[in-house]
Amino acid sequence: MKPIRLTVNGKPVSAVVEPRQHLGDFLREHLLLTATHLGCEQGVCGACTVLVDGVPVRSCIVYAVACDGADVRTLEGLEEDEVVTQLRAAMSRHHGLQCGFCTPGMMMTARDIVTRLPDADEKRVREELSGNLCRCTGYVGIVDAIRDVQEQRKSRRGAP
Amino acid sequence: MSDSARADDGHAGSPTKQGVGARLERKEDDRLLRGRGQYVGDIRLPGMREVAFVRSPVAHAVVGRIDIPDGRRSDVFVGRDLADVEPILCVAGLPGFKAASQPVLAVDRVLHVGMAVAMCVGDTRAQAEDLAEALAVDYRELDVVHDVRKAREPGATLLHGSWGDNLLLTSDLVVGDVDAVARSAPVSVELELRTARQCMSPMEGRGVLAAWDSRMDQLVVHTSSQVPHLVRAGLARFLGLEEGRIRVIAPDVGGGFGYKSILAPEEVCIAWLAMKLRHPVRWLEDRREQLTAGANCREHHYRIRAHADRAGRLLAFDVEADVDSGAYSVYPFTGALEAGQLPSMLPGPYDFGSYRCRSRAVVTNKVPIVPYRGVARPGACIALELTIDAIARAVGREPYAVRLDNLVPPQAMPFDNITGKHFDGGDYPASVRRAVDAIDLAGVRVRQARGESDGRLIGAGFAFFNEQGSVGTSAYAKWGLPLCPGHEQAKVRLMPDGMLEVAVGIQSHGQGLETSLAQIAHEVLGVPVDRIRVVHGDTALTPYSIGTWGSRSMVMGGGAVARACRALAGRLARIGAHALGVPEGAVRVRGGEVATGDGRAVTIDEVARLWYLRPQELPPDVDPGGLEVTGGYRAARDSGTFSYATHAVVVAIDPETGQVEILDYAIDEDAGVCVNPMIVEGQIVGGTVQGIGTALYEEMAFSEEGQPLASTFLDYILPGATEVPPMRLAHVETPSPYTEFGVKGIGESGAIGSPAAILNAINDALKPLGAVIAECPATPRRVLAAIDEARNRAGRPV
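Every value quoted in this text rests on a predicted model; they were computed, and no experiment measured them.

*Asks:* Which parts of the structure should I look at to understand the overall build of chain B?
*Replies:* In terms of regular secondary structure, chain B is built from 19 helices and 29 strands. Taking 28 Å as the expected radius of gyration for a compact globule of 798 residues, we find that chain B reaches 28 Å, a close match to that expectation. C-alpha extents for chain B along the principal axes are approximately 95 × 75 × 50 Å. Here the contacts in chain B between residues at least 6 apart in sequence split such that 79% fall between residues at least 24 apart.

Okay, here's the thing in structure tokens:
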């Protein structure tokens, strides 16, 4: 067992964890932050994506002990985030979710695309999304939602 | 979605834009978008411990000694510990059906890789897994039957010794004299086709959390299920409990597609364990378990002879079909469902005179098959639609034109086909013609003649199908299964403040039923959708239902909600008329009010207050049942709705690498009246993308030892965002004459037509090389093999 101290959703957290515990399990089982979903635990499906020091990572293949000192943000910690707020509305408008299981990971990746690549075209958006699997929607509504938010932000940026 | 032909407004007759036909955003979205959904894995109960299963690493063996680490015997449970649990036994009443019991934990033999042998309990999932790893199980391996051909060889190892063979069911259907037609037909084609075994792979796997509620004297099972009431029935039967002492809750469910439409052995195990240990226990399937122990669908083999005239008019269709059913029969559908459906399904939407089908459900040392979105239909569509294209090639005509000549014409509707299916309406040829235009087939032909500068080959392909959805009593009764769709029920109740609660026994796991059923209630009563709560997924709170599968929920559940709301409207009308001082016949319920023709009205909220708070003002003949009503529904004709569609695809193939790229995809669809067109489109597109997976990517290969050869999403490939082409969808709307509002079942549709359309497009592209793909997924390796084979056949150097 190993002590760690980190920041989760803006709050300091200290815990003693097994070295083998991955960040996803730590968030879900220790902190009861269940927005982060575990879809494969193989680092492929992207459902468990969270932000570590501002960068999207798959929490199922990052050890909690490796996050000692890190700033971790889950979907629960982005309720008031401006981009996530826009994405929520756009995802609903474009029917970008059905069962909702991949959705939290999609939201994290979508936020990253919108903020890091504001001008990405559809092809690039799809490439950036390729690390997040969805079995329900066929991705159409998700891609449309991201493009919609990109456009909203672009037109606001361009406004006088 | 730009081509949607439907107007983006309310249905005619709906006073607001929330009723049938409205493209309403979903009520369930907000909680899911905030990560506040509640899936089984998100639920923790005090004192809960976790379970890991030890699963067989071999496909066929006698289970010997199981060594359990010292001091841990009380945390390990093996088959003989569950002696009071009956093995799962699911029997169909079909002639010749053979039954086999499936122990929920192996007792003496294992019949497939991944079969559960022991369950291990730990404080955490990791500790339970540690214990599972520490068990040593002795397996004495037996000969493995890894495919249907081997299973049917004389002298093949028998999975179930008393059967005498490996045939779970043989189902024959003969109409007309196929042999006589074959002798005289000018054109005959032969095909041998194969579809791969797949993993349905909902993003959330199975999960079960069981606990004994001593206050209610009841077993409470949270499970990720499409069919909570059927799970309760199965648990009652195999655990020997009364149904009233079991409550099954399917909370938020992360996708189903059929994977969660059965009673899983693990559900029985975990429920038993909770009763045994008297504390909550939970098992969460991991992805490796889901892929290796859950590769349970789609594997069909077809041998086809078809006979036609010189124009390609189909004269006779002669099919032998083998379905790889795996080792046992799942509850409640059995392993015979697909093979049993194929004979009546294979003629599809075409009108022809002679037909013969021999279909077999064959047992092998693989996971028992479970009905996956479309069930046998995607395979049947591949068999039929690849045959139509083969006939078109043989007679030198456009495949779409051959389809037009063979389809049931609109003037013949409604139409009873060669196997007695009752097509409920529509214009099939018009759909094909629109799809031909949608992908600009003429343009594709010009482009093919010109050739591509990058050397790729272009091809266009079509598939037309109709989907029998929401099949009812008359069709299911003859199967003699542990379920039969009868009247579907919904319970509605008006609260004292006028809020409406709608409870249904079907289960929503992505279909948006919390929204579309509220739209139906709104259509009838006019209560605003945000004042309607839809309750589902809990046997304690909802009427019995066989659940959500078979494209039935909107027809049956929606119909039941409409009936219940109308019955409630009648009670509201009597109270409202009395309050208005007019005869009951002078009022109507609409727009959230009980109103007279001349504009006087009381609101439904006010009627609720009268019933609950001022009963002294109620009419003397008020219905004492009050403002809670259970309504039941069965379609006027329950032979099923027939949505239909044409899928049209353009592909490009690199003949050097075998890579297939989808360049264009158009769907022309008649889903009847769409309660929420946005949700319908989402179902069609999502299903189509699963079909793209079937056509091009998804395959669980098995070694000759019966070993599944993929165990992660890196080697079992689901379509990602980059694999999905731009898609255009056009709706037409032929209301079903037999259902409430004219709705038709549509949930499975997309997955049915896409594999056949894509394979036909590939074969169209390969036509100049004389190569044909007859197997899916059409991986680069298979495309190259088909090209090589054609070149070898032509005697040219490879």
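*Asks:* How do you make sense of the packing of helix α9 (residues 377–395) of chain B against helix α10 (residues 399–406) of chain B when you look at a structure like this?
*Replies:* To characterise two packed helices, one gives the angle between the axes of the helices and the distance between these axes. Residue and element names in this part refer to chain B. Viewed as axis vectors pointing N to C, α9 and α10 meet at an angle of 110°, and their least axial separation amounts to 8 Å. By the criterion of interaxial angle, the relationship of α9 to α10 is roughly perpendicular. In the crossing of α9 with α10, the sense of the turn from one axis to the other is right-handed. In this structure, α9 uses I388, D389, I391 and A392 to contact α10, whose residues at the interface are P399, V402 and R403.

*Asks:* Explain the confidence of the model for chain B here, please?
*Replies:* As a note on interpretation, predicted positions should not be read in detail where pLDDT is low. For chain B, mean pLDDT is 96; residues scoring 70 or higher make up 98% of the total. Segment residues 1–15 of chain B is flagged for pLDDT under 50; beyond a separation of four residues in sequence, or across chains, it makes 35 contacts in the model.

*Asks:* For this particular structure, what's the right way to read the sheet that holds strand β2 (residues 61–67) of chain B?
*Replies:* In sheet architecture, strand pairing relies on hydrogen bonds along the backbone and comes in two forms, parallel and antiparallel. All names here are of chain B. Pairing is antiparallel in the open sheet, where three strands are placed in the order β4-β2-β6. Of all the strands in the sheet, just β4 (109–110) and β6 (136–141) have a single pairing partner and so form its edges. Across two bridges, the pairing between β2 and β4 is antiparallel. Bridge pairing links A61 to V110 in β4.

*Asks:* Whenever I open this one, the pairing of strand β8 (residues 187–195) of chain B confuses me. Can you help?
*Replies:* Looking along a regular strand, one sees the side chains alternate between the two faces of the sheet. Sheet analysis places β8(B) next to strand β13 (residues 300–308) of chain B, joined by eight bridges and oriented antiparallel. Across the sheet, V189(B) pairs through a bridge with A306(B), a residue of β13(B).

*Asks:* How do you make sense of the interface of chain B and chain A when you look at a structure like this?
*Replies:* In many reports, interface size means the accessible area that the parts give up when they come together. Counting residues at the interface gives 39 residues for chain B, matched by 42 residues for chain A. Per-element tally for the side of chain B that touches chain A: the top contributor is helix α17 (residues 677–697) of chain B, with six residues. Partitioned by chemical class, the residues of the side of chain B that touches chain A number 16 nonpolar, 14 polar and nine charged.

*Asks:* I would appreciate a short explanation of the sheet that holds strand β20 (residues 500–504) of chain B in the present structure.
*Replies:* Residue and element names in this part refer to chain B. What the four strands build is an open sheet, ordered β21-β20-β19-β25; its pairing is mixed. The open sheet is flanked by β21 (532–535) and β25 (628–633), the only strands paired with a single partner. Each adjacent strand pair in this sheet contributes to an overall mean axis angle of 20°, direction not counted. Pairing geometry for strand β19 (residues 488–494) and β20, over five bridges, is antiparallel.

*Asks:* Please explain the domain arrangement of chain B as it appears in this structure.
*Replies:* Residues and elements named next belong to chain B. Per the domain assignment, the segments making up chain B are domain 1 (29–37 + 487–633), domain 2 (41–142 + 206–253 + 260–292) and domain 3 (300–473 + 637–793). When each unit is reduced to the centre of its C-alpha atoms, the spacing between domain 2 and domain 3 is 36 Å. With 23 residues of domain 2 in contact, the opposing surface of domain 3 contributes 25 residues. Looking at the side of domain 2 that touches domain 3, the elements that each hand over two or more residues are α5 (228–239) and α7 (287–292). Take the side of domain 2 that touches domain 3: its biggest share by element is four residues, from α7.

*Asks:* Would you take a moment to explain α9(B) for this structure?
*Replies:* One turn of the α-helix equals 3.6 residues, which is why residues spaced by three or four share an orientation. Residues and elements named next belong to chain B. Between its first and last C-alpha, α9 extends 27 Å over 19 residues, near the 27 Å set by a 1.5 Å rise per residue. Counted residue by residue, α9 has 16 buried out of 19 residues, so it is predominantly covered. Phi turns positive, to about 70°, at G396, one or two residues after α9.

*Asks:* Would you mind going over the nonpolar core with me for this structure?
*Replies:* Inside soluble globular proteins, nonpolar side chains tend to come together where they are buried. Residues and elements named next belong to chain B. The biggest cluster of nonpolar side chains holds 310 residues, and the ones touching the most others in it are V117, A210, V502, A521, V561 and I762. Here the element with the most residues in this core is helix α15 (residues 553–580); it accounts for 14 residues. The residues touching V502, leaving out its near neighbours within four places in the chain, are A490, V492, L517, A518, A521, I532, R533, V534, V535 and V561.

*Asks:* What's the story with the domain arrangement of chain A in this structure? I'm lost.
*Replies:* All names here are of chain A. Split by domain assignment, chain A resolves into domain 1 (2–77) and domain 2 (80–158). Distance between the C-alpha centres of domain 1 and domain 2: 22 Å. Taken residue by residue, the interface counts 13 residues in domain 1 and eleven residues in domain 2. The element best represented in the side of domain 1 that touches domain 2 is strand β3 (residues 49–52), accounting for three residues.

*Asks:* Quick question: what am I supposed to make of unusual backbone geometry here?
*Replies:* Trans is the common state for peptide bonds, and a negative phi is the common state for residues other than glycine. The residue after M413(B), namely P414(B), is reached through a cis peptide bond having omega -10°. In this structure, the amide linkage connecting C776(B) to the following residue, P777(B), adopts the cis form with an omega of 5°. Not every positive phi belongs to a glycine, and D53(A) is a case in point at roughly 50°. Judged by C-beta crowding, with 12 C-beta atoms within 10 Å, D53(A) ranks as exposed. Notably, R298(B) is not glycine yet its phi reads approximately 80°, a positive angle. Within the element layout of this structure, R298(B) appears in the loop between α7 and β13. The exposure class of R298(B) is buried, given the 29 C-beta atoms found within 10 Å.

*Asks:* Looking at this model, I keep getting lost on α5(B). Mind explaining?
*Replies:* Residues and elements named next belong to chain B. In a regular helix each residue adds 1.5 Å, so twelve residues correspond to 16 Å; α5 covers 16 Å between its end C-alpha atoms and thus fits that length. In this fold, the buried residues of α5 make contact with β10 (218–223), β11 (246–249) and α6 (265–277). Note on α5: the residue one or two positions beyond its end, G240, has a positive phi of about 70°.

*Asks:* Help me understand the packing of α15(B) against helix α16 (residues 604–613) of chain B, please; the structure alone is not making it clear to me.
*Replies:* All names here are of chain B. Remark: α15 packs on α16, axes separated minimally by 10 Å, with the N-to-C direction vectors making an angle of 90°. In terms of their interaxial angle, α15 and α16 are classed as roughly perpendicular. For the pair α15 and α16, contact is made by L572, I575, G576 and A579 and by I604, V607, L610 and W611, respectively. Grouping the constituent residues of the contact of α15 with α16 by class yields seven nonpolar, one polar and no charged.

*Asks:* What should I look at first to understand the environment of H146(B) in this one?
*Replies:* Residues and elements named next belong to chain B. Relative to the assigned elements, H146 resides in the loop between β6 and α3 (148–152). A residue is classified by how many C-beta atoms lie within 10 Å of it, and H146, with 20 of them, is buried. In this structure, H146 is in contact with T364, N365, F702, E704 and G706, ignoring residues within four places of it in sequence.

*Asks:* Explain the environment of L457(B) to me, please; I cannot follow it from the model alone.
*Replies:* Residues and elements named next belong to chain B. Tracing the backbone shows L457 in strand β18 (residues 457–469). We classify L457 as buried; it has 22 C-beta atoms within 10 Å. Sequence separation of L457 and V651 is 194 residues, and the distance between their C-alpha atoms is 8.1 Å. The contact partners of L457, leaving out residues within four places of it in the chain, are A652, I653, P655, A765, L766 and P768.

Quick notes on the rules
- Residues numbered from 1 in each chain as written.
- Chains lettered and ligands numbered in written order.
- Predicted model: local features only at pLDDT ≥ 70, side-chain atom pairs only at ≥ 80, totals over all residues.
- Helix = DSSP H or I, 4+ residues; strand = E, 2+ residues; numbered from the N terminus.
- Rg over C-alpha atoms; globule rule 2.2 N^0.38 Å.
- Contact = placed C-beta atoms within 7 Å.
- Axes fitted to C-alpha atoms, helices over the stretch in contact; angles between N-to-C directions.
- Parallel < 35°, antiparallel > 145°, perpendicular 65-115°, else oblique.
- Left-handed = near helix turned anticlockwise from the far one by under 90°.
- pLDDT = per-residue confidence, 0-100.
- Pairing = 2+ DSSP bridges.
- Nonpolar A, V, L, I, M, F, W, Y, C, P; charged D, E, K, R; others polar.
- Domains from an automatic or database assignment.
- Expected span 1.5 Å × (residues − 1).
- Buried ≥ 20, exposed ≤ 12 C-beta atoms within 10 Å, placed from the backbone.
- Core = buried A, V, L, I, M, F, W, Y, C linked by C-beta atoms within 7 Å.

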